[in-house]
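Architecture and fold: a report
One letter stands for each residue in the lines below.
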Amino acid sequence: MSGEAGGCPAGTARGPDLTDPATYRDADYFAQWQRARRDHPVVRLESPRFGAFWSVTAHAAARQVLERPESFTSTRGMRLGGEPAAVSAASGRMLVVSDGPAHTRLRSAHAPWFAGQAVSRLKDALRSRLDALLADLADGSPVDVPARLARPLPTWLVCGMLGVPEEDWEELALLAAAAFDETETSTASARRAASAGVFAYFAELLEKRRADPGDDLVSALVHQPGGDRLTDEEILLTCDGLVNGGLGTTRHAVSGAVLAFAAHPRQWERLRADRGLVPTAVEEILRWVSPPLHIMRTATEDVLLGGARIRAGERVVLWIPSCNRDESVFAEPDAFRVDRRPNPHLGLGGGPHYCIGASLARLELRTLLRALLDHVARFESDPVLTRTPSTFLHGLDRLEVTLIPAADAAACSPAESEDP
Ligand code: HEM
């Protein structure tokens with residue numbers, strides 16, 4: 001990056017390039033964000049990879065952007081590095097890159113599947129699967145958490161909700177991950193091919209569900225009554241959006257949660273002593289891990305933001321992990337605390353695009369924590385850890401942790417009285 005390089009004012013020490021996926025492997029980007037929040041929370045950057053954009057590291061300014069879609073649109077993409085042709089084909093037809101009435105229409109078609117009751121009926125099945133998995137994993141030997149625990153969990157839920165047959169889950173999850181792969185070995189054409197693979201998969205599933213409907217979201221959308229039903233293309237974009245929105249984010253939240261408790265054993269003890277803290281612990285995980293690294297918008301008009309004058313057409317990038325450590329909002333922002341309250345994190349976004357899968361994500365994390373509390377006495381982490389080289393998703397590709405079994409794990413069963 002040039003100009004105010006990497007989020008540092010010209011003339012001071014340069015920080016790592018926040019638009020280089022490799023930065024997120026091991027550089028101390030949190031220190032860089034801290035300086036940026038203090039010195040220039042809204043600043044124009046120039047990246048060789050992505051060109052010029054406004055970088056926002058402070059919570060208040062980011063929230064303002066998220067809550068004002070009339071001034072900061074999603075229709076020109078919501079992340080750096082999106083394929084322009086794919087964005088313009090999906091714009092106004094896919095939830096995450098729509099605004100105004102088009103967004104409202106698409107969101108109402110999704111909404112019943114993400115309402116409290118629809119989501120809570122998944123809880124028992126999820127808990128049974130987790131019990132079986134943890135009975136196997138919590139045996140005192142090291143576990144690769146992203147592969148063995150964090151990948152299966154969202155795959156069960158998202159693929160289950162979409163009605164993807166179980167034998168296809170693994171293949172679909174791999175295709176979805178390849179479509180967003182930012183490692184050096186991946187190429188734009190490989191990402192395009194993976195993305196086309198996801199679409200082709202759902203095109204076939206859509207035809208199957210048209211002929212033979214099931215109790216799933218694809219069947220419900222294909223057989224939607226009324227004149228304003230989604231077109232087949234919009235249904236395909238919906239499926240793609242749910243797979244992209246629901247798999248990687250939750251996978252990183254799960255691995256990040258395990259790492260947080262392995263690194264903060266007292267917080268695990270605190271949670272074991274008071275299970276009533278599970279809901280606040282879930283919010284703290286979303287703040288601490290912050291799976292989305294950035295969210296992007298494009299200004300539709302000239303607008304003042306945090307003292308900076310942003311011109312119509314300029315892109316604005318909100319660094320979510322930085323906003324979630326903003327010391328003007330969070331007391332002791334660099335402490336992981338399961339009882340943190342209030343916790344107005346932006347891990348699930350804000351404004352009209354606030355994560356539609358939020359209740360599902362919270363259910364997954366609550367159920368995970370309760371299952372872990374029953375099965376695991378403590379976590380022993382190994383230094384073996386690989387962070388994901390991505391500018392979009394903040395997470396771990398590899399993390400070896402030993403789950404030391406709880407003495408009474410064999411007797412555990414899901415508690416009936418716990419909230420949904
Ligand atoms: C821990 C897990 C999750 C995190 C951290 C997360 C994060 C986010 C964030 C930050 C946004 C806002 C994007 C923007 O403003 O442009 C968002 C939107 C969205 N999320 Fe999630 N998400 C999670 C889980 C899920 C799940 C489980 C699903 C569905 C199965 C899902 C589907 C979506 C969709 C479709 C949108 C677009 C909503 C809209 O534009 O109105 N997400 N998510």
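Residues numbered from 1 in each chain as written. Predicted model: local features only at pLDDT ≥ 70, side-chain atom pairs only at ≥ 80, totals over all residues. Heavy atoms only, no water.

Under an unreviewed UniProt entry, the name given to the protein chain is Cytochrome P450, and the source organism is Streptomyces griseus subsp. griseus.

1. Overview of the nonpolar core
Of all hydrophobic cores here, the largest spans 81 residues; its most connected members are Leu149, Leu162, Phe202 and Phe379. At 14 residues, the largest contribution of residues to this core is made by helix α13 (residues 232-263). One finds Val56, Val65, Ala299 and Val303 within the second-largest nonpolar core, a separate group that totals 19 residues. (Core = buried A, V, L, I, M, F, W, Y, C linked by side-chain atoms within 4.5 Å. Buried < 20%, exposed > 50% of the residue type's maximum accessible area, 1.4 Å probe, protein only. Helix = DSSP H or I, 4+ residues; strand = E, 2+ residues; numbered from the N terminus.)

2. Details of helix α2 (residues 29-39)
Because an α-helix packs 3.6 residues into every turn, residues spaced three or four apart end up facing the same way. Taken together, the buried positions of α2 are occupied by Tyr29, Gln32, Trp33, Ala36 and Arg37. The arc that holds every buried residue of α2, seen down its axis, measures 140 degrees, which confines them to one face. (Arc of directions from axis to C-beta.)

3. Let's talk about the site of the ligand
In the vicinity of the ligand, 29 residues are found, and the nearest of them are His103, Arg107, Arg297, His353 and Cys355. One nitrogen or oxygen atom from the main chain of Gly245 is found 3.2 Å from a nitrogen atom belonging to the ligand. For the shell around the ligand, the secondary structure elements donating two or more residues are α5 (100-110), α13, β6 (294-299) and α17 (358-375). Per-element accounting of the shell around the ligand gives the leading share, 6 residues, to α13. Here the shell around the ligand is composed, by residue class, of 17 nonpolar, 9 polar and 3 charged. (Near = heavy atom within 4 Å. Polar contact = N/O pair within 3.5 Å; in protein donor to acceptor, adjacent residues only side chain to side chain. Nonpolar A, V, L, I, M, F, W, Y, C, P; charged D, E, K, R; others polar.)

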